[in-house]
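The chain contents come next:
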Amino acid sequence: MKCKICRCDTKKIDRSTILNKYDVDYFQCSSCGFVQTEEPYWLSESYSDAISVSDTGMMSRNLMFSKLTTTILSILIDKKGEFLDYGGGYGILTRLMRDNGFDFYWYDKYAKNLVAKGFEGKLSDQKYEAITSFENFEHFEDPLHDIEKIFNSTDFVLFSTDLISIPAPTTEKWWYYCLEHGQHISLFSRKSLQFIANKYNYNFISNGNNIHIFSRKSCSSNIFLIEKIIRKLGLQKIFAQSSKINKDMVKMIDKMKN
């Protein structure tokens, strides 16, 4: 099997049971360290519910990501622009970011937009100041295809995915394989993300764990330390703009009339 990122040879590293019923092989690239499953024939079952019932951290995670995004975009990007949350789930982050005054829109090909209705975004013929994509890269069946779609619409991507080590841990020793729902089929090493950045002429920076940036312009990895300090001190509120809550309500009421 060839690596989906760099097309080099892969080596089988483990076999494990997902969804409590399917025995699946895992492969790691001999060059970039990317880990992929065998062809994921079980995905339709995995996505019978777009959000896994085991995802008990969804709310706290979105609250944390909204604080992180508010700070990083305010420091590095024109915060008056338009933004897209790619793989936005139920629309929680989009709504939180609009509450913080950012002109955010939602996109997700699996989940239903429940809390940011009316603020759906498009990828075709649309350029965004930045795109966020939290806890999505590991779901990509064809990673470069999805990443290319994102790159075609922005010069700045703020995203999260837990980095896998080289050599990779066995499936029984790392929770992020998420065997219970079988949706984590693409696991990125730092080296594989750097390969993508080089391939598409982006700069890549990372906190070394789970938060990363692809950017056409160079930026310092110190941004992650700065953001962490600001969040720990509860100072991210200074970056929030005038909330769009009332304006959005009026806009939706007017749309309902028409």
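In this text, all values refer to a predicted model and were calculated from it rather than measured experimentally.

Participant: Got a minute to help me understand the sheet that holds strand S2 (residues 22-29) in this structure?
Facilitator: Sheets are built from strands paired through backbone hydrogen bonds, the pairs being either parallel or antiparallel. On the basis of which strands lie adjacent, the open sheet formed by four strands has the order S1-S2-S3-S8 and antiparallel pairing. Strands with a single pairing partner mark the edges of an open sheet, and in this sheet they are strand S1 (10-18) and strand S8 (186-187). Note: S1 against S2, eight bridges, orientation antiparallel. Within the sheet, the bridge partner assigned to Thr-10 lies in S2 and is Cys-29.

Participant: Honestly, the packing of helix H2 (residues 58-76) against helix H3 (residues 92-99) in this entry has me stumped. Any pointers?
Facilitator: Relative to each other, H2 and H3 sit at 40°, their axes nearing to 9 Å. What the angle tells us is that H2 and H3 run oblique. Considering only the axes of H2 and H3, their crossing is right-handed. Contacts between H2 and H3 involve Met-58, Met-59, Asn-62, Leu-63, Phe-65, Ser-66, Thr-69 and Thr-70 from the former and Ile-92, Leu-93, Leu-96 and Met-97 from the latter.

Participant: Is there a simple way to explain the packing of aromatic side chains in this structure?
Facilitator: One pass over the full model with this rule turns up 22 aromatic pairs. On the basis of an interplanar angle of 10° and a centroid distance of 4.1 Å, the ring pair of Phe-65 and Phe-134 is categorised as stacked. With Phe-65 in helix H2 and Phe-134 in strand S6 (residues 130-134), this pair connects stretches of sequence that are 69 residues apart. Of the two residues examined, Phe-65 and Phe-134, each falls in the buried class. With a centroid separation of 4.9 Å and 20° between ring planes, the pair formed by Phe-159 and Phe-214 is classed as stacked. Residue Phe-159 is found in strand S7 (residues 156-160), and its partner Phe-214 is found in strand S10 (residues 211-215); the two are separated by 55 residues along the sequence. Taken as a pair, Phe-159 and Phe-214 share a single burial class, namely buried. Of the aromatic side chains, those joined through ring pairs into one cluster are Phe-34, Tyr-86, Tyr-107, Phe-137, Phe-140, Phe-151, Phe-159, Phe-188, Tyr-200, Tyr-202, Phe-204 and Phe-214. Over the ring of Tyr-105 we find Arg-98; its NZ or CZ atom is 5.3 Å from the centre of that ring. When the ring centre of Phe-119 is taken as reference, the NZ or CZ atom of Arg-98 above it lies at 3.9 Å.

The rules behind the values
- Residues numbered from 1 in each chain as written.
- Predicted model: local features only at pLDDT ≥ 70, side-chain atom pairs only at ≥ 80, totals over all residues.
- Heavy atoms only, no water.
- Pairing = 2+ DSSP bridges.
- Helix = DSSP H or I, 4+ residues; strand = E, 2+ residues; numbered from the N terminus.
- Axes fitted to C-alpha atoms, helices over the stretch in contact; angles between N-to-C directions.
- Parallel < 35°, antiparallel > 145°, perpendicular 65-115°, else oblique.
- Left-handed = near helix turned anticlockwise from the far one by under 90°.
- Contact = heavy atoms within 4.5 Å.
- Phe/Tyr/Trp six-rings, centres within 6.5 Å; stacked < 30°, edge-to-face > 60°.
- Buried < 20%, exposed > 50% of the residue type's maximum accessible area, 1.4 Å probe, protein only.
- Lys NZ or Arg CZ within 6 Å of the ring centre and 35° of its normal.

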